[in-house]
Amino acid sequence: MSFKPKHIMVLAGEPSGDLHGANLLKELKKKEPSVNITGIGGDGMKACGMELFFHIDQLSVMGVTEVLFQFNIIKKAFDLFKAKIRTTSPDLLILIDYPGFNLRAAAFAKKNNIPVLYYITPKIWAWKKSRIKKIKLYVDHAALIFPFEEKLYLKEHIPCTFVGHPLLDFYTDQMVEKKEKRENSSLVVGLLPGSRESEISNLLETMLQAAIIIAEKQNNVKFLVSQALSVNQEHFKAVLHRYNHDNHDNHDNLFTIVKGDVARIFKKADFLVAASGTVTLEAAICRIPMVIVYKMSFVSYSLAKIFVKLNHVGLANIIAGKEVIPELIQNSATPEKIADKTLSILKDKNLSSMAGRLSMIRNLLGGKGASKRTAKIAHDMIWKKL
């Protein structure tokens, strides 16, 4: 009797999903060396042996307008997924984040009797709580990355496991402790204005103006400005050039652009002014003191207040269940208030105490090994042990 390798299909729709998916694939291959893995992903997952039938570089869109423009491409990807399900009938479907697409995929898989594992589940604790009904109907097991999610899933009697946060596999204890040596005693502040054009429009100049106020009151301070590769490079550079030029009596440039991987700033910065988002959780894991800021249009903010029911916006604060990192949101996110809050932390020598409080966040996230634990769940599901 010939042995037929197991077949797992994996769907990820964004670069972050490809990153975490690649780590998961490595662990799956360790558990099940002969496994055949196909799906939607990026270069990271392809390099780990996945046969791509659609590349995520066509799917990574944000916002309602962009999704409408990309509707035909998304429909093409989904139709291809359905055809592959019908013709190959995989032993397991693993979904990674990307809920708008993946919840529809889960429903189709369920109709075709394909078991579904969801890794990095929709943020039902923040908004669109009705999605938990779909998860209950279509998902056989949820691999959860936040500790507070487990209670929500168990309440709905959805099989689930808290596997820990995959970022802990990237930011190891050794990496967190290792800071780059500095030639002088200057204070380094990182400015992280976000990775979307709307965030750059709303936050970049506000952060630069706050930095100028800080520099006037804090001796020997330098600013590293994170420039995501996804934003308009020329516009970003022009804004920074103007602010450096306007403050040229400083002799050296006050602002230095750091392109790409934000971890390059983490290795150097003593403090951060960061746009709310996953990057603030990354910084918290690295125990870097910060203030979280966010601004959006009046309409978007008004809608967010209706649909998002959270006491905090920063992921670290949500995980802790209290404000361990100061938040300045919307009307409070002014250059003056950002500067005042930053200076109060710097002058009161609160950096070490905040860094100590952030150690709690790392501990609450369950320890490294999220990919390994998720791979075990997948292995048990394809062999009907779970």
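Residues numbered from 1 in each chain as written. Predicted model: local features only at pLDDT ≥ 70, side-chain atom pairs only at ≥ 80, totals over all residues. Heavy atoms only, no water.

**A few points about the sheet that holds strand 3 (residues 51-55)**
Our working definition: Being paired, for any two strands, means DSSP has found at least two bridges between them. In this description a helix means any DSSP run of H or I spanning at least four residues, a strand means any run of E spanning at least two, and both kinds are numbered starting from the N terminus. Each axis is a line fitted through C-alpha atoms, and for a helix only the stretch in contact is used; angles between axes span 0 to 180 degrees, taken between their N-to-C directions. Contacts are assigned to residue pairs with any non-hydrogen atoms lying within 4.5 Å of each other.
Here we have seven strands laid out as an open sheet, ordered 3-2-1-4-5-6-7, and parallel in their pairing. Unpaired on one side and paired on the other, strand 3 and strand 7 (160-162) mark the two borders of the sheet. Shown here is a sheet whose adjacent strand axes are inclined to one another by a mean of 15 degrees, direction ignored. Two elements, strand 1 (residues 7-12) and strand 2 (residues 36-41), share five bridges in a ladder whose sense is parallel. The partner of Met-9 across the bridge, within strand 2, is Thr-38. Contacts from helix 18 (residues 370-382) reach strand 1, strand 4 (92-96), strand 5 (116-119), strand 6 (141-144) and strand 7, with the element oriented near 175 degrees to strand 5.

**Considerations on the nonpolar core**
Put simply, the rule reads: The definition of a nonpolar core used throughout is a set of buried Ala, Val, Leu, Ile, Met, Phe, Trp, Tyr and Cys residues joined through side-chain atoms within 4.5 Å. Buried residues are those whose accessible area, probed at 1.4 Å on protein chains only, stays under 20% of the maximum for their type, while exposed residues exceed 50% and partly exposed ones sit between those limits.
Residues Ile-94, Leu-191, Phe-255 and Phe-266 are the most contacted members of the largest nonpolar core, which totals 101 residues. The leading source of residues in this core is helix 10 (residues 197-217), at 10 residues. In this structure Leu-191 touches Met-207, Leu-208, Ala-211, Phe-223, Leu-224, Val-225, Ser-226, Phe-255 and Val-273, once residues within four positions along its chain are discounted.

**Some words on the pairing of strand 1**
To keep it simple, the criterion reads: We call a crossover right-handed when, viewed with both strands directed away from the observer, the connection leading from the first strand over the helix to the second proceeds clockwise.
For strand 1, the tally of buried residues reaches six of six residues, placing the bulk of the element in the interior. Because side chains alternate across strand 1, one face comprises the buried residues His-7, Met-9 and Leu-11, and the other comprises Ile-8, Val-10 and Ala-12, equally buried. Running through helix 1 (residues 15-31), the crossover from strand 1 to the neighbouring parallel element strand 2 is right-handed. Pairing of strand 1 with strand 4 involves five bridges; the strand directions are parallel. When the bridges of strand 4 are listed, Ile-8 appears paired with Leu-92.

**Here's the deal with the pairing of strand 11 (residues 271-275)**
In terms of burial, strand 11 is largely enclosed, as five of its five residues are buried. Because side chains alternate across strand 11, one face comprises the buried residues Phe-271, Val-273 and Ala-275, and the other comprises Leu-272 and Ala-274, equally buried. Pairing analysis gives four bridges linking strand 8 (residues 187-192) to strand 11, with the strands arranged parallel. Looking at strand 11, one finds that Val-189 is bridged to Phe-271. Two strands pair when backbone bridges link them, and strand 11 and strand 12 (residues 290-294) are joined in this way by four bridges, in the parallel orientation. Pairing of Ala-274 across the sheet is with Ile-292, part of strand 12. As a crossover connection, the stretch from strand 11 through helix 13 (residues 278-285) into strand 12 is right-handed.

**Here we look at the pattern of salt bridges**
Spelled out, the test is: A carboxyl oxygen of Asp or Glu within 4 Å of a side-chain nitrogen of Lys or Arg is what we treat as a salt bridge.
A complete count under the given rule lists six salt bridges for this structure. Linking Glu-27 and Lys-30 is a salt bridge whose minimum nitrogen-to-oxygen distance equals 3.3 Å. Of the two residues, Glu-27 and Lys-30 are both situated in helix 1; the distance of three residues between them amounts to about one turn of the helix. Notably, a salt bridge pairs Lys-110 with Asp-140, separated by 2.7 Å at the nearest N-O pair.

**Points about the packing of aromatic side chains**
Basically, it comes down to this: Side-chain rings of Phe, Tyr and Trp, where Trp is taken by its six-membered ring, are said to pair if the distance between their centres is within 6.5 Å; with planes under 30 degrees apart they count as stacked, over 60 as edge-to-face, and otherwise as tilted. Working rule: Lys NZ or Arg CZ, within 6 Å of ring centre, within 35 degrees of ring normal, means a charge sits over the ring.
Enumeration over the complete set of coordinates arrives at nine aromatic pairs. Judged by centre distance (5.1 Å) and plane angle (85 degrees), the ring pair of Trp-125 and Phe-148 falls under edge-to-face. Here the residue Trp-125 occupies a position in the loop between strand 5 and helix 6 (131-138), and Phe-148 occupies one in the loop between strand 6 and helix 7 (149-155), the gap between them amounting to 23 residues. A relative accessible area of 8% means that Trp-125 is categorised as buried. Of the aromatic side chains, those joined through ring pairs into one cluster are Phe-78, Phe-81, Tyr-98, Phe-101 and Phe-108. Its guanidinium or amino end placed over the ring of Trp-383, Lys-6 lies 4.6 Å from that ring's centre, counting from NZ or CZ. When the ring centre of Phe-78 is taken as origin, the NZ or CZ atom of Arg-104, which lies over that ring, is 3.9 Å away.

**Let's talk about the confidence of the model for the chain**
Put simply, the rule is: Looking at any residue, its pLDDT shows the predictor's confidence there, from 0 to 100.
Summing up the model confidence of the chain, the mean pLDDT is 89 and the portion of residues at 70 or higher is 88%. Long-range and interchain partners of residues 61-67, a stretch whose pLDDT sits below 50, account for seven contacts in this model, where long-range means more than four residues apart.

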